[in-house]
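Chain residues, written in single-letter form:
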Amino acid sequence: MNPFKSLLGTFAVLGTWPDWESYFDLSRKGLKVSFICLAGSLLPLWMVAQGIQIERARVLDAEVASPQLLPFVITVGLWLFSFPAMAYLIAMILEKMDRTRPWIITRNWAVFWLSVLTGACFGLVALDILPFAAANGVAFSAYLGLLAIDIRLTQKVAGFNWGTAILIACVIVAVGLTFVQLSISR
């Protein structure tokens, strides 16, 4: 699958395009590819963490300290992979198992493209091309936008009504934040 086709698919599924399914491989192979890309989003997110450390060092007039790799991978991995587990559990309980795979695939691709966007912005910070405040604004917008994306995907792809979609998306975000908080506090 052409990964840039999934970028168009992300816009299609979040928008009102009626044929959004044609942009994604919704098979088992497509699910595996979306998980590989989700794992690949660790690199752009590493750029975000590195960019934050570079800015912190600049402000404090100190040396740049790279984030520790293993705790970073565990923290971000738990956050990234908490959604598929929650989606599967929710779909099983609310009898929407037939929509689980498309829901997970589209969400994985949406997170991947948000990660690429924020990672690229912080890469530009590291190259002194973009100010930290601009990249930080993009990252903050992407993170808050993920709640809106989760609501839309829960409604459109998983087939829940708006009220249920909002509740489910909030629960998913809360679970992800719980994993991040537990990882940080250790």
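It should be emphasised that the depicted structure is a prediction, and the values quoted were computed from it without experimental measurement. (Residues numbered from 1 in each chain as written. Predicted model: local features only at pLDDT ≥ 70, side-chain atom pairs only at ≥ 80, totals over all residues. Heavy atoms only, no water.)

Enquirer: I'd like a description of the overall build of the chain, backed by residues and values.
Expert: Looking only at helices and strands, one finds seven helices and zero strands in the chain. Secondary structure elements in the chain, listed N-terminal to C-terminal, are α-α-α-α-α-α-α. Expected size for 186 residues packed as a compact globule is a radius of gyration near 16 Å; at 17 Å, the chain falls within 12% of this value. Over its C-alpha atoms, taken along the principal directions, the chain stretches across nearly 55 × 35 × 30 Å. (Helix = DSSP H or I, 4+ residues; strand = E, 2+ residues; numbered from the N terminus. Rg over C-alpha atoms; globule rule 2.2 N^0.38 Å.)

Enquirer: How would you summarise a nonpolar patch on the surface if you had to cite specific residues and measurements?
Expert: Taken together, the side chains of Y88, L89, M92, I93, L94 and M97 present a nonpolar region at the surface, about 560 Å² in accessible area. Tracing the chain through its elements places I93 in helix α4 (residues 69-93). (Patch = residues over 30% accessible without salt bridge, like charges linked within 9 Å, V, L, I, M, F, W, Y side chains within 5 Å. Areas by Shrake-Rupley, 256 points an atom, 1.4 Å probe, with all protein chains shown as cover. Salt bridge = Lys/Arg side-chain N within 4 Å of Asp/Glu carboxyl O.)

Enquirer: Tell me about the nonpolar core, and name the residues and values.
Expert: Across soluble globular proteins, nonpolar side chains show a tendency to be buried alongside one another. Counting residues in hydrophobic clusters, the biggest one holds 40 residues, and the most contacted among them are L80 and W103. Counting residues per element, the ones that place at least two in this core are α1 (3-14), α2 (28-40), α3 (42-60), α4, α5 (100-126), α6 (132-156) and α7 (162-185). Per element, the largest residue contribution to this core is nine residues, and it comes from α5. If sequence neighbours within four positions are ignored, L80 has contacts with L38, S41, L42, L45, R107 and V111. (Core = buried A, V, L, I, M, F, W, Y, C linked by side-chain atoms within 4.5 Å. Buried < 20%, exposed > 50% of the residue type's maximum accessible area, 1.4 Å probe, protein only. Contact = heavy atoms within 4.5 Å.)

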